[in-house]
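Breakdown of the fold
Residues per chain are reported as follows:
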Amino acid sequence: MSVDLNLLKVFIAVATQGSFANVARQLSMPTSNVSRQIKLLEGQLHCRLIERTTRQMRLTEQGTLLLNKSQKLYCELDETLQQISAPDTLSGTLRLTIPSESGSLLFADSLAQFALAHPDLTIHCDTQLAPLDVIGDDVDLLLTFHRGELIDSSYHSQLIKSWESIVVVAPKLIEQYGQPTTLDALSQMPCITSLSALQGQPWVFITPNGQLKKIHINSQYRVNSGILASAAAINGLGVAILSKEACQSAVQAGKLVEIDINGMHPAPIELRAIYASKRSLSPKIDIFLTYLLQNI
């Protein structure tokens, strides 16, 4: 079956805007021409796509199916063709999800500068700490903090940046429990851990021979905030794994003590860009990832 992609473009515009007249103005053609092109497409597909009266229109079951399946594919094709003809110009919509707390601070300026550099690109950026669905139909790219191995192998990921992590504890907690030197001893101490960020996973350490080792710890204080975790550690609520960069001043001031666990180190906190492996990278995602690697 042969379908005219120009007719498909008109159908997608009518179906998403819900108006023949609006599409006619957008495409600078008479409304009758828009209606005629929809009829030509229906003829090519041998089915009715839009039920229309003088007052309203609605998609048929076949029309809804065509819109749902073709809209994103057509947009990606259109973006690719534009990228070929004008490689420095990005258009369409880039849909991002970033971490809500430190992610907003980390990306604020870089994302604004990227938007300024690509004025024809629409950017939708949502902030979520631990999204349940990693990649949905309405998200192109998920930027998330991670430690250890990715659980879902059906996704591709790109490492953007990593931060060394350390185990820290308040001096008064060492006086109460002693200083742990093994993972077993650490697992018996009160610990501060994640509620749902980092997928709520157990603590992950890297052994001297480079292997990953997970331990389940004793935690009665679980938070989704590095700021809350740091404050809790300083106040003696428990042992915490924190970014070395973020807690260095507290260690230097003696408010926290760095703990060595038999030469093992916590797995670093990684900032990863995750996208569905079922489709190749569109130009907008590819260029944005390159930009992040150079600017974060």
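Above this text sits the structure in question.
Residues numbered from 1 in each chain as written. Predicted model: local features only at pLDDT ≥ 70, side-chain atom pairs only at ≥ 80, totals over all residues. Heavy atoms only, no water.

Below, the discussion takes up the overall build of the protein. Scanning the protein from N- to C-terminus turns up 10 helices and 15 strands. Across the 296 residues in the protein, those meeting the buried criterion constitute 42%. The contacts of the protein with a sequence gap of at least 6 include a subset with a gap of at least 24, amounting to 75%. (Helix = DSSP H or I, 4+ residues; strand = E, 2+ residues; numbered from the N terminus. Buried < 20%, exposed > 50% of the residue type's maximum accessible area, 1.4 Å probe, protein only. Contact = heavy atoms within 4.5 Å.)

Once that is clear, we can look at the nonpolar core. Formed by 22 residues in total, the largest nonpolar core has its most connected members in Leu-141, Leu-143, Ile-160, Phe-288 and Leu-292. Element by element, the count of residues in this core is highest for helix α10 (residues 283-295), at five residues. Among the nonpolar cores identified, the runner-up in size contains 21 residues, and Val-10, Leu-41, Leu-59 and Tyr-74 belong to it. (Core = buried A, V, L, I, M, F, W, Y, C linked by side-chain atoms within 4.5 Å.)

In this structure the tally under the stated criterion is three aromatic pairs. Measuring from ring centre to ring centre gives 5.1 Å for Phe-114 and Tyr-291, while their planes differ by 50°; the resulting arrangement is tilted. With Phe-114 in helix α5 (residues 102-117) and Tyr-291 in helix α10, the pair connects residues that are 177 residues apart, well separated along the chain. Judged by its relative accessible area of 18%, Tyr-291 is buried. Each ring, one from Phe-145 and one from Trp-163, has its centre 5.8 Å from the other, and the planes form 65°; the classification is edge-to-face. Of this pair, Phe-145 sits in strand β5 (residues 141-146) while Trp-163 sits in strand β6 (residues 155-163), and the two are 18 residues apart along the sequence. An aromatic cluster of at least three residues, connected via ring pairs, comprises Phe-114, Phe-288 and Tyr-291. (Phe/Tyr/Trp six-rings, centres within 6.5 Å; stacked < 30°, edge-to-face > 60°.)

The three strands lie next to each other as β10-β9-β14, forming an open sheet whose pairing is antiparallel. The outermost strands of the open sheet, each flanked by one partner alone, are β10 (212-215) and β14 (265-266). Relative to β14, strand β9 (residues 203-206) runs antiparallel, the two sharing two bridges. Bridged to Phe-205 within β14 is Pro-266. (Pairing = 2+ DSSP bridges.)

Working note: regular strand, side chains alternate between the two faces of the sheet. By the criterion of burial, β5 is predominantly enclosed, with five of the six residues buried. Taken together, the two bridges between strand β3 (residues 92-98) and β5 define a ladder with parallel strand orientation. The residue of β5 that forms the bridge with Thr-97 is Leu-142. Across five bridges, β5 lies against strand β15 (residues 269-276) in antiparallel orientation. When the bridges of β15 are listed, Leu-142 appears paired with Ile-274.

Below, the discussion takes up unusual backbone geometry. For His-46, which is not glycine, the phi dihedral falls at a positive 60°. In this fold, His-46 is placed in the loop between α3 (31-45) and β1 (50-52). Here the phi dihedral of Asn-262 falls at roughly 50°; this positive angle occurs in a residue that is not glycine. Among the structural elements, Asn-262 can be located in the loop between β13 (257-259) and β14.

All told, the structure shown has four salt bridges when counted by the stated rule. The partner of Arg-272 in a salt bridge is Glu-270, and the shortest N-O contact between them spans 2.8 Å. (Salt bridge = Lys/Arg side-chain N within 4 Å of Asp/Glu carboxyl O.)

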